[in-house]
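Single-letter residue listing:
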Amino acid sequence: MSNASLRLLVTGVSGQLGRLVIDDLLAKGSSINVEAIVRDAGALAALTARGVAAKIADYSKPETLDAAFAGIDRLLLISSNALGERVEQHRNVIAAAKRAGVTLLAYTSVLHADTSALALAEEHRQTEALLRQSGVPFVVLRNGWYTENYTASIPAALAHGVMLGSAGHGRIASASRADYAAAAAAVLTATVPQDGRIYELAGDDAYTLAQFAEEVARVSGQAVVYRDVPEAEYKGILVGAGLPDPIASLLSDSDAAAANDALFDDGRQLSTLIGRPTTPWSETIAATLKA
């Protein structure tokens, strides 16, 4: 079957990663059949205007998935952001994909999910187990950290002259969200078999948060330093800044695990998959400051 006749479906297109995957797929040419599911009816018109066949469906409502997946060849399951509910939601998607006869299900997991100390890795491990048990042909995209996870804190760092965290001297091999989207699009449109592959995806270059803060200071021309604090203290600071407790726990735990290189990988599988170097983290910092 040629790519021109394949029906590709992207889930979670209301999110930032999903939108970028759609952009990449559309950029590959009008011969590719791109479809999407969203939860919000307001997103349908914009997608349809771009030639994307969009439908309303929800991971938590299995009855909506069957109609959305009918006739689909390859499907990208972008992991849910509903902490604590992910496994059941992913189970629904996998089961619906099996009923629909999907020929390849690509799943966005987390870097080194099988061995990772990140608390968020557990739900990904369980989902990967579901995939292995399902009988559905699958490929796992174990995404590392988005550089944007840290550039989001730049305004606060500039306002206070300090960037807080619990990552110590841990190396972080992040890449831009667009890099990970390009990888997903590459897998969905691949002409070589992808079934059973597991990609450990991370940026070509790594940094510590102290180096990250130094780069923010250099590019902005303002004094910014990194201050490392214990995990519990960091969580308290995040909660005090208005973050919900589960999100604060996730971020502080991730930083603490990063101190032991949980967010580091030097295999360069991401740049190999997308056929170009990953976006330098310094470039993402510069773009954020310019914006």
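Refer to the preceding data block for the structure.
These numbers were taken from a predicted model, which means no experiment stands behind them. (Residues numbered from 1 in each chain as written. Predicted model: local features only at pLDDT ≥ 70, side-chain atom pairs only at ≥ 80, totals over all residues. Heavy atoms only, no water.)

**A word on the overall build of the protein chain**
Where we set the bar: Every helix listed is a DSSP run of H or I at least four residues long, and every strand listed is a run of E at least two residues long, numbered separately from the N terminus. Computation of the radius of gyration draws on C-alpha atoms, with the globule rule given as 2.2 Å multiplied by the number of residues to the power 0.38. Here, two residues are considered to be in contact whenever any of their heavy atoms come within 4.5 Å of each other. Only four residue types enter the charge count: Lys and Arg as positive, Asp and Glu as negative, with His and the chain ends excluded. Taken as the charge centre is NZ of Lys, CZ of Arg, CG of Asp or CD of Glu, depending on the residue.
Secondary structure summary: the protein chain contains 13 helices and 9 strands in total. In terms of C-alpha radius of gyration, the protein chain reaches 19 Å, essentially the compact-globule figure of 19 Å for 291 residues. Long-range pairs, those at least 24 residues apart, make up 76% of the contacts in the protein chain with a sequence separation of at least 6. Across the protein chain, 24 positive and 32 negative side-chain charges occur, with their mean positions spaced 6 Å apart.

**What to know about the packing of aromatic side chains**
How we decide: Aromatic pairs are defined between Phe, Tyr and Trp rings, using the six-membered ring for Trp, whenever the two ring centres lie within 6.5 Å; interplanar angles under 30 degrees are classed as stacked, those over 60 as edge-to-face, and all others as tilted. Three labels apply to residues, based on accessible area from a 1.4 Å probe with only protein chains included: buried if under 20% of the type maximum, exposed if over 50%, partly exposed otherwise in between. Either the NZ atom of lysine or the CZ atom of arginine qualifies as a charge over a ring when it sits within 6 Å of the ring centre and within 35 degrees of the ring normal.
Evaluated as defined, the whole model comprises 5 aromatic pairs. Seen in terms of ring centroids, Tyr146 and Tyr180 are 5.3 Å apart; in terms of plane orientation they differ by 55 degrees. Their pairing is tilted. In this pair, Tyr146 is assigned in the loop between strand 6 (138-143) and helix 6 (148-151) and Tyr180 in helix 8 (residues 177-188), connecting sequence segments 34 residues apart. Note on Tyr146: relative accessible area 17%, which makes it buried. Given a relative accessible area of 1%, Tyr180 falls into the buried group. Ring pairing ties together the aromatic residues Tyr150, Tyr207, Phe212 and Trp281, which thus form one cluster. Above the face of the Phe264 ring, Arg171 is positioned so that its terminal group lies 3.8 Å from the ring centre.

**So, the side chain of Gln89**
Mapping Gln89 onto the fold places it in helix 4 (residues 86-100). If sequence neighbours within four positions are ignored, Gln89 has contacts with Tyr59, Ser60, Ser80 and Ala82.

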